[in-house]
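Survey of secondary and tertiary structure
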Amino acid sequence: MSPPRPRIVVSQKVAVGVVYVAGIFLSTLDMTIVNIALPSIGRAFDVPSTAVDTVSVSYLVSLAVFVPASGWLGDRFGGKRTLLTAITVFTVASALCGTAGSLGQLVVFRILQGAGGGMLASVGMAMLLRAFPPEERVRASAVLTMANGLAPTMGPVLGGLLVSEVSWRAIFYVNVPIGVAAVAFGALCLRNDPARPTERLDVTGFLLAASGFGLLMFGVSEGPERGWSSAPVIVGLACGAVLLTGLVVVEIRKRAPMMDFRLLRIRLFAAGTAAMTIQSATLLGTLFLITLYLQDVRGMTPLAAGLATFPQSLGVAVGSQLASRLLYRKLGPRRQLMLGAAGTSVAVALMSLLGADTPLWLVVALLVLMGLAVGQVFLGTQSASFATVSDASSGHASTLFNVGRRIGGAFGVAVVTTVLVSASGSGGGDMSGYRAAFLTAAALNVLGLYAATRVSDSDAAPTIPQPRRRRKRTPSDPIGTSNVTR
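Let us look at the structure shown here. (Residues numbered from 1 in each chain as written. Predicted model: local features only at pLDDT ≥ 70, side-chain atom pairs only at ≥ 80, totals over all residues. Heavy atoms only, no water.)

1. Quick look at the overall build of the chain
Broken down by element type, the chain carries 18 helices and 2 strands. For 486 residues, the compact-globule estimate of 2.2 N^0.38 gives 23 Å, and the C-alpha radius of gyration of the chain, at 23 Å, lies within 12% of that figure. Based on the C-alpha atoms only, the size of the chain along its principal axes is roughly 80 × 55 × 50 Å. Burial analysis of the chain (486 residues in total) assigns 54% to the buried set. Of the roughly 20,300 Å² that the chain leaves accessible, carbon and sulfur atoms contribute 66%. A distance of 12 Å separates the average location of the 39 positive side-chain charges in the chain from that of its 21 negative side-chain charges. (Helix = DSSP H or I, 4+ residues; strand = E, 2+ residues; numbered from the N terminus. Rg over C-alpha atoms; globule rule 2.2 N^0.38 Å. Buried < 20%, exposed > 50% of the residue type's maximum accessible area, 1.4 Å probe, protein only. Areas by Shrake-Rupley, 256 points an atom, 1.4 Å probe, with all protein chains shown as cover. Lys, Arg positive; Asp, Glu negative; His and termini not counted. Charge placed at Lys NZ, Arg CZ, Asp CG, Glu CD.)

In C-alpha cells form, the structure reads like this:
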C-alpha cells in the first residue's frame with residue numbers, strides 16, 4: 001500500500017492573493033510593455049507604424065470583450081477552475097506571441113492574450129473578496145495596489161531592456177515562467193470552490209456587452225491616432241454607444257443579467273467604482289504624457305525615460321502601505337479617498353509647470369508625490385467599495401468594477417493625447433500642448449474627488465480595521481496569558 005500523497009496546506013488568503021496578484025500583474029504589465037517594442041515589431045514584419053498599433057489595440061479590445069463574461073464564468077465553473085484557465089490561456093498566448101511569424105498572427109495571439117487577461121481580472125477579485133472578510137480587505141488591497149501600481153511603470157523599463165538587449169519577442173516570453181509558476185501554485189494550493197448556482201449564459205447581454213465595449217475601446221484607442229473625425233472612429237464610438245445603451249436597458253429588466261447594473265444603485269459601490277475609473281484614467285494618461293515629455297522634450301531614450309518614471313510605482317507602494325497601516329483607519333475611507341484624489345490632482349497640475357530645463361529630480365519628485373496619492377485611492381476603493389455588496393453578488397460587482405477600470409485607463413490616454421496634439425505648436429519641444437494636457441488630466445481627476453465625497457464611512461465601517469487594545473492585568477489573570485482584546 002503506497003503512502004498517502006503529501007498535501008500542501010496554504011491559507012486560502014495567501015493562495016488566492018498570490019495567484020491573483022501574479023495574474024493581474026501580468027495582464028496589466030502587457031498594457032504598457034508592448035508599446036516600447038512597436039517600432040521593432042514594425043521593422044521585423046516590414047509594416048508601417050500606422051498598422052503596427054493594432055498589436056496594442058487588439059489586446060485592449062479583447063480585454064473589454066471578455067471582462068463582462070468573467071463573473072458568470074466564475075460562478076458557473078468555480079473560481080479556481082476559471083482563474084487557472086484564464087492564466088493558462090494568457091500564458092500560452094504569450095508564448096505564441098513570441099513565435100509569431102507575421103503581424104496577422106501576432107494580432108490573433110494578442111486577442112487570445114486579452115481573453116485570458118479579461119477573464120482573470122473579475123474572477124480573481126471575486127475570490128479575493130470571498131477569502132478576506134471585510135475587516136481584512138485593507139491588508140489584501142495593499143498588496144494588490146502595489147501590483148497595480150508597479151506593472152504600468154515597470155512595463156517600459158523591462159520592455160526597453162529586453163528589446164535592446166535580447167529581442168522584441170522576449171517581452172512575451174517573460175510572461176511564461178511567471179504564468180506557469182502561478183498555475184502550478186494555484187493547482188496545488190487553491191481550494192476547489194464549488195460552482196455557484198447560476199442561470200444560463202445571458203447570450204443577449206454578452207453579445208451587446210462584447211460588441212459595445214469592443215467598439216467603444218476601438219474608437220477610444222484609435223481616435224488620437226486616426227483622428228476623431230475619421231469614419232472608423234466615428235462609427236466605432238457611435239455604434240458602441242448605441243449598443244451599450246441597449247445593454248443597460250436590456251440588463252436592468254432581466255432577472256439574472258450577465259452585467260447587473262442594478263448594483264450601481266448601491267451608493268458606496270457606485271462611488272468607489274467611479275473613483276477607481278477616474279483615477280485609472282488620470283494615472284495612465286499622466287504616465288503616457290510624462291513618458292512622451294521625457295523623450296520628445298528632454299531627448300531621453302525610451303529606457304532612460306522608463307527608469308525615470310519607475311519611482312512613481314515606489315510611491316504607490318509606500319502610499320498603499322501608509323494607507324493600510326494608518327490613514328484608512330485614522331481618517332476613515334471618505335477623507336482618505338478625498339486626500340488621495342486631491343493629492344493626485346495637485347501633483348498632476350504641478351507637472352504643467354515642467355519645462356525642457358526642469359531638474360530631473362523635480363520631475364521624479366512629482367511622480368513620487370502622484371504615486372503616494374494614487375496609492376490612497378487604489379487602496380481605498382478596493383477596500384471600501386464592496387462593503388455593502390453581498391457575497392452572492394461579488395462576481396457581478398467585480399465585473400462592473402474592472403470594466404470601469406479598463407475603460408477608464410484607455411479613455412485617459414485618449415483624452416490627454418488629443419489635447420496634446422490639438423494644443424501643441426509646430427516645434428517638437430513645444431511645451432504648450434503638454435501644459436494643456438497635464439491640466440486637463442488634473443481637472444478630470446477632480447471628478448474622482450467628487451466621487452470620494454459620496455463615500456459613507458458608516459457604510460464602509462465593516463472594512464475599517466479596529467486597533468487592538470490592551471487591558472490591565474488583574475490579580476486573577478494567570479501569569480503569561482495574553483490580555484490583548486479587541
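2. Topic: helix α4 (residues 54-77)
Between its terminal C-alpha atoms α4 stretches 32 Å, which fits the 34 Å expected from 24 residues at 1.5 Å a residue. The principal kink in α4, of about 40°, is found at Ala-69. Buried residues dominate α4, accounting for 19 of its 24 residues. At the C-terminal side of α4, Gly-78 shows a positive phi close to 95°. (Expected span 1.5 Å × (residues − 1). Bend = angle between axes of the 7 residues up to and from the residue.)

3. A short note on the environment of Gly-236
Here Gly-236 is to be found in helix α11 (residues 231-253). A residue is classified by how much of its surface remains accessible, and Gly-236, at 2% relative accessible area, is buried. C-alpha separation for the pair Gly-236 and Val-220, spaced 16 residues apart in sequence, amounts to 8.6 Å. If we skip the residues at most four places from it in the chain, Gly-236 touches Leu-215 and Leu-216. (Contact = heavy atoms within 4.5 Å.)

4. Here we look at helix α2 (residues 38-45)
Every buried residue of α2 is accounted for by Leu-38, Ser-40, Ile-41, Gly-42 and Phe-45. Once α2 finishes, Asp-46 follows within two positions and takes phi at roughly 55°, a positive value.

5. Quick look at the packing of aromatic side chains
In this structure the tally under the stated criterion is 5 aromatic pairs. Ring geometry for Trp-168 versus Phe-172: centroids 6.3 Å apart, planes at 90°, classification edge-to-face. Accessibility classification places Trp-168 together with Phe-172 in one group, the buried group. Aromatic ring contacts, followed pair by pair, group Phe-45, Trp-168 and Phe-172 into a single cluster. Arg-76 extends its terminal NZ or CZ atom over the ring of Phe-77, reaching a point 5.0 Å from the ring centre. (Phe/Tyr/Trp six-rings, centres within 6.5 Å; stacked < 30°, edge-to-face > 60°. Lys NZ or Arg CZ within 6 Å of the ring centre and 35° of its normal.)

6. So, a positive patch on the surface
Taken together, Arg-267, Arg-334, Arg-335 and Arg-454 make up a surface patch of like positive charges. Structurally, Arg-335 is set in helix α15 (residues 333-351). With relative accessibility at 48%, the residue Arg-335 sits in the partly exposed group. (Patch = residues over 30% accessible without salt bridge, like charges linked within 9 Å, V, L, I, M, F, W, Y side chains within 5 Å. Salt bridge = Lys/Arg side-chain N within 4 Å of Asp/Glu carboxyl O.)

7. Looking at the layout of surface pockets
Taken as a whole, the largest pocket spans an internal volume of roughly 1,400 Å³. Lining the largest pocket are 48 residues, with Asn-35, Leu-38, Phe-288, Leu-292 and Val-413 sitting closest to its centre. Those elements that place two or more of their residues in the lining of the largest pocket are α2, α3 (49-52), α4, α7 (137-165), α10 (203-226), α12 (267-297), α13 (302-309) and α17 (394-423). Here the second largest pocket defines a volume of roughly 270 Å³. Phe-261, Leu-264, Leu-400, Val-403 and Gly-404 are the residues nearest the centre of the second largest pocket, which is lined by 16 residues in total. Those elements that place two or more of their residues in the lining of the second largest pocket are α10, α11, α12 and α17. (1 Å grid on protein atoms, 1.4 Å probe; cavity = no way out; pocket = protein on both sides within 12 Å on 5 of 7 lines; lining within 4 Å. Points joined across faces, edges and corners; volume = space filled by probe spheres on them.)

8. Here's the deal with the pattern of salt bridges
For the structure on display, the rule yields 4 salt bridges. The residue Asp-202 makes a salt bridge to Lys-254 at a minimum N-O spacing of 2.3 Å. Separated by 52 residues along the polypeptide, Asp-202 in the loop between α9 (175-189) and α10 and Lys-254 in the loop between α11 and α12 bring together distant segments of the chain. On the basis of relative accessibility, which here comes to 26%, the residue Lys-254 falls in the partly exposed class. Asp-260 is the partner of Arg-262 in a salt bridge, and the nearest nitrogen-oxygen pair spans 3.0 Å. Accessibility expressed as a relative area gives 24% for Arg-262, which makes it partly exposed.

9. So, the nonpolar core
Grouped together as the largest cluster of nonpolar side chains are 114 residues, with contacts concentrated most on Leu-106, Phe-213, Met-259, Tyr-293 and Met-370. Ranked by residues supplied to this core, first place goes to helix α6 (residues 103-131) with 12 residues. Sequence-distant contacts of Tyr-293, that is, excluding residues within four places in its chain, are made with Arg-298, Leu-354, Gly-355, Thr-358, Val-363, Met-431 and Tyr-434. Counting 16 residues, the second largest nonpolar core, distinct from the first, contains Ala-271, Tyr-328, Val-377 and Ala-387. (Core = buried A, V, L, I, M, F, W, Y, C linked by side-chain atoms within 4.5 Å.)

10. Digging into the environment of Ser-229
By the secondary structure assignment, Ser-229 is in the loop between α10 and α11. Sequence separation between Ser-229 and Arg-265 is 36 residues, and the spatial gap between their C-alpha atoms is 35 Å.

So yeah, pure geometry; function would need other evidence.
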